[in-house]
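Structure at a glance
Here is how the chains run, residue by residue.
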Amino acid sequence: MPIEQEQHYYRRRIELLSRAVQETHNAVIITDRQGLIEYVNPAFTTITGYTAIEALGHTPGSLLKSGQQDIAFYQTIWETILAGKTWRGTLTNRKKSGELYVAHESISPIHDDNGFITNFVAVQQDVTDQQKAQQRLHQAEKLEAIGQLAGGVAHDFNNLLTPILGHTELLTRTLASDGRAMHHLMEIQRAAKRAATLTKQLLTFTRRGDTLEEPLDLNRILTDMLPLLTHTIGEHIELQFLPGEAIGTVKGEAAQLETAILNLVLNAKDAMPNGGCLTLKTETVVAGQSEIEIPAGTLPGPHVRLRISDTGHGMTPDVQARIFEPFFTTKDKHKGTGLGLPMVHRVVTIMGGFLKVISEPGKGTTFDLYFPQITPDTKVSDRPVTEEPLELCIGHETLLLVEDDDQIRALALCILQECGYHVLEAKDGETAIAVANRHDEMIHLVITDIMLPKLNGPQLAQALRQRRPTIKVLYVSGVADSSFTQYAKPLNPIAYLPKPYTPSDLARRVRLLLDQPSYQPS
Ligand code: ADP
Ligand code: MG
């Protein structure tokens, strides 16, 4: 190669190498043998905030020191690279702004023609965002696992509470109503009912997907929640409930709305570590008029407003701008998930409503939740069963009872037989089919658990309907409703009885279903 051409070739190569280093997104740092910085590329400035002039002459260790690594850590690096090897690892460094960042880094020696180390080159990749995303994923997985665990525990609990509540109720019928024993019994019943409420709360954590909409009376929901809320916020916070008069009903799923309220109350509690006052207020308002603007996509008209105000530390505009972002939290790692308000937002939106936040640092926070009012009167039909006097819930039809929990099956059998029914029983779906096949007469109703070993409830119903197309079905379940809707949709709310149920619940529901003339199989 002619010398000129050769020179041109090398110049081109050096230029290319230089541009590559200038334009890469990883920070490149070249130091001398003592570790003093001789060169940094533009990405270094982007990541750390230090310009080349500011960085020259310093060691990376002193410039970016975060205090997160000890001396021994840096010694290992030196030993490795002075031995002519490349060091690779992850470091936490501090930017010029003081902010920390996490970097994957490699440091290699640069040798001259004689094999002598003249310099070192370090390449840093900022992986802070990646690491945060990973932590969030981990957090989400953790929540998922907690949800599953909660669901499992709640299911077992509902199975245990059914016989407790059931036998208690049966006992109340045989005891004298004014005796001491009755008093103890009522206390047992009260405690069991509280446990049932808690279990229901627990189950809302496992909810996802479809909702079961029904008319809700916000005042009643809040009244029912008050004991739980008072217990949750603790004694240092005063709880005030100001129910509006004749607020009518809104539409939604009670359990979801309860979880949303609980989340808001928990946030208020966290905002008042030194005590304060929490106010829950309901009232009807007309949204869409000058005072209450409504967001696009929502219909103007009568709304029920739930106002949750605290006298806590409030929020800065910056925080307020981000509160509905999933995983946004200002609480420390073990306390906040950043999922509370996104959940609240979702529930309110699903219910056709909207929400507004008023907050100022030091002045407390108010969350206003607006729900479209669906009926102006508060008659709530969220109990599909009218409370028939129990004496009328008798009958002589034939029922097939399928339940894998022996204690619950025995209880249900006892209740139904007491009502006068002829009851066939089975422990699982397959046995149920065998029992039905052996029975030549009519079976009017099958009462089945949704989750059963081998054949689940809806599958059993389907199998039974092949030979008995008009057989009615009552599903019983101790798990969240979502598992039900997953199997059977659309559902007839009357054909579903959640556990724990009381003997009267069961007797009433059975009678109601048997008396329904046209029953659409679900
Ligand atoms: P988390 O409670 O897990 O942090 P949230 O989504 O419930 O997640 O809330 C997000 C953030 O919104 C909180 O970390 C907090 O900074 C702020 N926040 C929510 N409610 C209040 C409140 N009542 N007062 C002050 N700040 C609040
Ligand atoms: Mg929260």
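Residues numbered from 1 in each chain as written. Chains lettered and ligands numbered in written order. Predicted model: local features only at pLDDT ≥ 70, side-chain atom pairs only at ≥ 80, totals over all residues. Heavy atoms only, no water.

**Quick look at the overall build of the chain**
The test is simple: Helix numbering and strand numbering both begin at the N terminus, where a helix is a DSSP run of H or I of at least 4 residues and a strand a DSSP run of E of at least 2. Between buried and exposed lies partly exposed: a residue is buried under 20% and exposed over 50% of the maximum accessible area for its type, with that area taken using a 1.4 Å probe on protein chains only. Throughout, a contact is declared for two residues whenever any of their heavy atoms are within 4.5 Å. Calculation of accessible area relied on Shrake-Rupley with a 1.4 Å probe; when residues are assessed, cover is drawn exclusively from the protein chains displayed. Just so you know, the count uses Lys and Arg for positive and Asp and Glu for negative, and it drops His and the chain ends. We put the charge of a Lys on NZ, of an Arg on CZ, of an Asp on CG and of a Glu on CD.
Within the chain, the secondary structure is distributed over 16 helices and 17 strands. With the principal axes as the frame, the chain shows a C-alpha extent of 110 × 60 × 50 Å. Of all 522 residues assigned to the chain, the portion counted as buried reaches 44%. If you take every contact in the chain between residues at least 6 apart in sequence, the share linking residues at least 24 apart comes to 66%. Looking at the chain as shown, the accessible area adds up to about 28,200 Å², and 54% of this sits on carbon and sulfur atoms. If the 50 positive side-chain charges of the chain are averaged to one point and the 61 negative ones to another, these points end up 1 Å apart.

**Side note on the confidence of the model for the chain**
Which entries qualify depends on this criterion: Per-residue confidence from the prediction method is given by pLDDT, with values spanning 0 to 100.
When the pLDDT values of the chain are averaged, the result is 86; 90% of them are 70 or greater. Every residue in residues 480-490 is under pLDDT 50, and counting partners more than four places away or in other chains gives 21 contacts.

**Digging into the packing of aromatic side chains**
Here a ring pair, both rings aromatic, is described through the centre-centre distance and the interplanar angle of the planes. Formally: A pair of aromatic rings is counted whenever rings of Phe, Tyr or Trp (Trp by its six-membered ring) have centres within 6.5 Å, and the orientation is called stacked for planes under 30 degrees apart, edge-to-face for over 60 and tilted otherwise.
Per the counting criterion, the structure on display carries five aromatic pairs. Considering the side-chain rings of Phe 73 and Trp 87, the 5.8 Å spacing of their centres and the 80° angle between planes classify their relative orientation as edge-to-face. Within this pair, whereas Phe 73 is found in helix H5 (residues 71-82), its partner Trp 87 is found in strand S3 (residues 87-94), the two being separated by 14 residues in sequence. Of the residues examined, Phe 73 reaches a relative accessible area of 25% and is grouped as partly exposed.

**With respect to the site of ligand 1**
We count it as follows: Near, as used in this document, describes a residue that has one of its heavy atoms within 4 Å of the molecule or strand being considered. Counting of polar contacts relies on pairs of N or O atoms within 3.5 Å, with two restrictions inside protein: one atom must be capable of donating a hydrogen and the other of accepting it, and residues adjacent in sequence are counted only when both atoms are side-chain atoms. We call Asp, Glu, Lys and Arg charged. Ala, Val, Leu, Ile, Met, Phe, Trp, Tyr, Cys and Pro are nonpolar, and the rest, Gly among them, are polar.
Close to ligand 1 lie 22 residues, the nearest being Thr 329, Thr 330, Lys 331, Thr 337 and Gly 338. One of the side-chain nitrogen or oxygen atoms of Asn 267 is found 2.8 Å away from an oxygen atom of ligand 1. Thr 365 has a polar side-chain atom sitting 3.2 Å from a nitrogen atom of ligand 1. Compared with its free state, where it exposes 530 Å², ligand 1 has 95% of that area covered by protein. When residues of the shell around ligand 1 are traced back to their parent elements, those giving at least two are helix H9 (254-271), helix H11 (340-350) and strand S12 (365-375). For the shell around ligand 1, the class distribution of residues is 10 nonpolar, 10 polar and two charged.

**Let's talk about helix H12 (residues 406-418)**
Under the convention used in this document: In a helix, the anticipated span is given by 1.5 Å times the number of residues less one.
With 13 residues, H12 should cover 18 Å at 1.5 Å per step; its first-to-last C-alpha distance of 18 Å lies within 8% of that length. Taken as a whole, H12 has its buried residues at Ile 408, Arg 409, Leu 411, Ala 412, Leu 413, Ile 415 and Leu 416. Immediately downstream of H12, the backbone of Gly 420 shows phi near 105°, a positive value.

**Focus on the state of the cysteines**
Just so we agree on the cut-off: Any two cysteine sulfur atoms within 2.5 Å of one another count as a disulfide.
As enumerated under the stated definition, the model contains zero disulfides in all. Here Cys 414 stays free of any disulfide, with the sulfur of Cys 419 as its closest cysteine sulfur at 9.5 Å. Left without a disulfide partner, Cys 419 is nearest to the cysteine sulfur of Cys 393, which lies 6.8 Å away. The exposure class assigned to Cys 419 is buried, which follows from its relative accessible area of 12%.

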